[in-house]
Structures are given as structure tokens and as C-alpha cells.
Amino acid sequence: MTTSSVNWPVAALRDAELRDRTYMRVGGRVRWLLEPATPQELQLAIVTARERGFVPRILGGGCNLVIEDGLHDCLVITTDRMKRCFRPLRGSSRFDEQTQQGELVHIDPAEDPRLVVWAGTTLQKLCSTATDLGLSGLECLAGVPGQLGGGIAMNAGGRYGEMWDCVELVRVIEPDGRMLDLPRAECTPRYRNGGLGERVVAGAILKLVPRTRALVRERAKQYLKEKNDAQPLTEWSAGCVFKNPDKQRSGGLSAGQLVERCGLKGRERGDAYVSPQHGNFVINRRNASSADVLGLIEELRAEVASQTGVQLELEVKVWCREPG
Ligand SMILES: Cc1cc2nc3c(=O)[nH]c(=O)nc-3n(C[C@H](O)[C@H](O)[C@H](O)COP(=O)(O)OP(=O)(O)OC[C@H]3O[C@@H](n4cnc5c(N)ncnc54)[C@H](O)[C@@H]3O)c2cc1C
């Protein structure tokens, strides 16, 4: 791999491998990978990419993503280096005022239970920071891998709540390069969709609820245990493949239950297989190709449709070599 930051205003890699940047460990290379370290660098990366004719794709933790093998002749921006999470300055309600000093000012979390978080902060780091501060609201994300930006873009969550439940403001970059602060009231997140369209998440201010540390920790531990019992968290997957269908159409069954009902648990294609633990997880045993994974997903969708009449919709995002 050739490293070159000469031609880009932020750190950049040429012909970068994407496989190991995904949880599923599937995917090829990309012509350019830009690695901004701050929201301002992210903005600069987007503007420069677009000036040069690229429509950038944004990579967070790669935990809800299946990337096709081969060379993607396009440009990806990763938020991996944008890992900051801190408390806002006293009395501040604006993202801008987060400076280095913000981390040093000791405000009682009960007085101002907010966190300023940059896009690349991992959801697990976020959960543990909130727990340490005795701030509740993120326990629903215990065990969910990925980053803040991806969590907001996907509205990650589960039965106990969703990412957007605690968003006070999200800082986004518009396709034309403008940086905007969107208050929660101006956003319309839905089930597994932050509703931000083409906007890129640079960070957010989260508003949490002061509780005792012990209570937050206990709750997170319980949710994590339930998740661990139900899902193959340590295997290489992209999380739930399909969104849960409308319960009226599916007779109250989730996507995983439909796959199970159709006898598809354990179904294999190459080195990819459907988890025997949870029907909505496709696992890479070690050397699955994107064709194995995507072929198996199509097989599941077709089989569920033919046996039950329910058309499953993808939750995972798929990056094909040809953009669009
Ligand atoms: C074992 C396992 C368990 C999981 N459990 C859950 C669960 O319980 N609930 C749940 O909701 N999800 C779950 N997921 C899926 C995944 O963890 C979440 O969707 C997570 O929010 C994805 O974040 P990410 O940073 O990895 O995003 P990526 O996978 O990197 O990206 C996902 C999408 O978001 C876009 N995106 C990423 N960052 C940004 C940004 N800064 N701005 C704009 N768009 C962006 C990408 O372009 C892509 O379209 C699970 C996944 C795994 C592997």
C-alpha cells in the first residue's frame, strides 16, 4: 500500500484495504482513503474531495456494512481518528465552544449532563464514559459496536431505546461543504435511519440523565447480557442483515424469526453462514468473499419471500464497486 498525504489537505492512503476496517472482515480496496482527525478536517476533506469530482463515502466502524471485493475506484473518508468525547464548558450550549479546556473544567455532571462527542468516538467508549459519570441514556447501546457518526446515521438501538433518544444537537456537513448545527427538533430520525440524507455527521451534543453510577452500570450490564445471550456478538458479522418488517405483515415475527421459520438458520454459502444463534446474522467464518455474503443474503430474502410473502428490507449498507 502506498501512503501519500502530499496531494490531500488531510492524512490520506492510496489503494487502502477496507476489509479489516469492517467488523465482518469482507471487502476490497479503495482508490483513496482520507483520514481527518477533527470536524474541521472532515469538512476540508469533503470539500476537497468534491472539488476533485469524488462523491465521498463515509466509513465509521464498518459494523453495519458489507463492502464488495475488488478495487473501488472512488474515495472513502474514515472518521476513525475523530475520537473525542468530553463535557461542554460551563453554560455553553454550542458545539463551537468545545476547546481543549472543556475537558479540564469540572462541572458536576448532574448540573450539566451533556457530552460533546466527535463522530469517530466508539459507542462502547461513549457508554463507558457515561457510566463513569453516572449519566443514563446510552445503556440501550451496550454491546453495539460502531462509532457515534454511524450510530446517528443508522439510529442504532434496540428494544430499550435508540441513539437519537439522547441527541440534543447534531453537527453535520452538507454536501456543499457547509457545517451546520441541527437541533433535535429539526430532525426526523426513524427506525434504523437517522434521516440525515447526504449529510455527514461530524459530532453531536448528547443530553443524558443524571443517575447513580451503580444504577447505570447495572442496567448496561443487564442489557449486555441479554444481547450476548441472543446474538453472536464476537463473530465476524455486519449486525442484523434485515430490518424487522411491519408486524402486521409478518404476523408479529421479527426478521430473524422469519429466517428461522423458513428453516434457513445454518444455511451456508462459501465461507459465509447464517448464525445458528440468530437468524438475522450472516457470519464470515474466516475467508468469506463479498459474493458469498451477498449471495447468501439474496438467497435468504428470496426464500423468505417465497415461503411467507414478506419482502425483507436490508438494514446493512452495501458498498458496490460502482457507486450508486
Ligand atoms: C455484532 C453486532 C451487533 C450489532 N448490534 C446492533 C444493535 O443492537 N442495534 C443496532 O442498531 N445496530 C447494531 N449493529 C449494527 C451497527 O453496530 C450499528 O448500525 C452502528 O451504528 C454502525 O456504526 P458504524 O460506525 O460502524 O457505521 P458504518 O458501518 O461504518 O456505516 C454504516 C452507515 O452509516 C454511514 N455513516 C457512518 N459514519 C457516518 C457519519 N459520520 N456521517 C454520516 N454517515 C455515516 C455509512 O456511510 C454507512 O452508510 C450491530 C453490529 C454488529 C456487528
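Now for a description of the structure that goes with this document.

Procedures and definitions
- Residues numbered from 1 in each chain as written.
- Predicted model: local features only at pLDDT ≥ 70, side-chain atom pairs only at ≥ 80, totals over all residues.
- Heavy atoms only, no water.
- Helix = DSSP H or I, 4+ residues; strand = E, 2+ residues; numbered from the N terminus.
- Rg over C-alpha atoms; globule rule 2.2 N^0.38 Å.
- Buried < 20%, exposed > 50% of the residue type's maximum accessible area, 1.4 Å probe, protein only.
- Contact = heavy atoms within 4.5 Å.
- Areas by Shrake-Rupley, 256 points an atom, 1.4 Å probe, with all protein chains shown as cover.
- Salt bridge = Lys/Arg side-chain N within 4 Å of Asp/Glu carboxyl O.
- Near = heavy atom within 4 Å.
- Polar contact = N/O pair within 3.5 Å; in protein donor to acceptor, adjacent residues only side chain to side chain.
- Nonpolar A, V, L, I, M, F, W, Y, C, P; charged D, E, K, R; others polar.
- Phe/Tyr/Trp six-rings, centres within 6.5 Å; stacked < 30°, edge-to-face > 60°.
- Lys NZ or Arg CZ within 6 Å of the ring centre and 35° of its normal.
- Core = buried A, V, L, I, M, F, W, Y, C linked by side-chain atoms within 4.5 Å.

### Some thoughts on the overall build of the protein chain
Next, step 1: Counting its regular elements, the protein chain contains seven helices and 18 strands.
Next, step 2: Since a compact globule built from 324 residues should have a radius of gyration of about 20 Å, the 20 Å found for the protein chain is in line with a globular shape.
Next, step 3: On the principal axes, the C-alpha backbone points of the protein chain span a range of 60 × 50 × 35 Å.
Next, step 4: For the protein chain, buried positions account for 52% of its 324 residues.
Next, step 5: Sequence separation of 24 or more characterises 66% of the internal contacts of the protein chain that already satisfy a separation of 6 or more.
Next, step 6: With an accessible surface of roughly 14900 Å², the protein chain has 47% of that area assigned to carbon and sulfur atoms.

### Concerning the pattern of salt bridges
Next, step 1: Counted by the stated rule, this structure contains 23 salt bridges.
Next, step 2: Among the salt bridges present, the one from Asp271 reaches Arg285, with a minimum N-O distance of 3.4 Å. In this pair, Asp271 sits in the loop between strand E15 (268-269) and strand E16 (272-274) while Arg285 sits in the loop between strand E17 (282-284) and helix H7 (290-308), placing the two residues 14 residues apart along the sequence.
Next, step 3: A single network of salt bridges, built from pairs that share partners, joins Asp15, Arg31 and Asp73.

### Some remarks on the site of the ligand
Next, step 1: The environment of the ligand is formed by 31 residues, the closest being Ile58, Gly60, Pro145, Gly157 and Lys227.
Next, step 2: Between Cys63 and the ligand, the recorded distance is 2.9 Å, taken from a backbone N or O atom to an oxygen atom.
Next, step 3: Here Arg192 contributes a side-chain N or O atom positioned 3.2 Å from an oxygen atom of the ligand.
Next, step 4: A total of 970 Å² of accessible area belongs to the ligand in isolation, and the protein chains cover 94% of it.
Next, step 5: Counting residues per element, the ones that place at least two in the shell around the ligand are strand E3 (57-59), helix H3 (148-154), strand E13 (200-207) and strand E18 (317-319).
Next, step 6: Element by element, the count of residues in the shell around the ligand is highest for H3, at five residues.
Next, step 7: Of the residues in the shell around the ligand, the class split is 15 nonpolar, twelve polar and four charged.

### Some points on the packing of aromatic side chains
Next, step 1: Scanning the model with the defined rule gives three aromatic pairs in all.
Next, step 2: Geometrically, the ring pair formed by Trp8 and Trp32 is edge-to-face, given 5.6 Å between the ring centres and 65° between the ring planes. Within this pair, whereas Trp8 is found in the segment before strand E1 (12-17), its partner Trp32 is found in strand E2 (residues 29-34), the two being separated by 24 residues in sequence. With respect to class, Trp8 is no different from Trp32; both count as buried.
Next, step 3: Classification of Trp8 as buried rests on a relative accessible area of 6%.
Next, step 4: In textbook terms, an aromatic cluster arises when at least three aromatic residues are bridged by ring pairs, as seen for Trp8, Trp32 and Phe54.
Next, step 5: The ring of Trp118 carries the charged tip of Arg84 above its face, separated from the ring centre by 4.9 Å.

### Here we look at the nonpolar core
Next, step 1: Of all hydrophobic cores here, the largest spans 28 residues; its most connected members are Leu126, Leu138, Ile152, Met163 and Leu206.
Next, step 2: Where this core is concerned, the elements lending two or more residues are strand E7 (114-118), helix H2 (123-133), H3, strand E11 (167-173) and E13.
Next, step 3: At four residues, the largest contribution of residues to this core is made by H2.
Next, step 4: Residues within four places of Leu138 in sequence aside, it is in contact with Leu126, Cys127, Ala130, Met163, Cys166, Leu206 and Leu208.
Next, step 5: Counting residues in each nonpolar core, the second largest holds 24 residues, with Val66, Cys262, Ala272 and Leu312 among its members.

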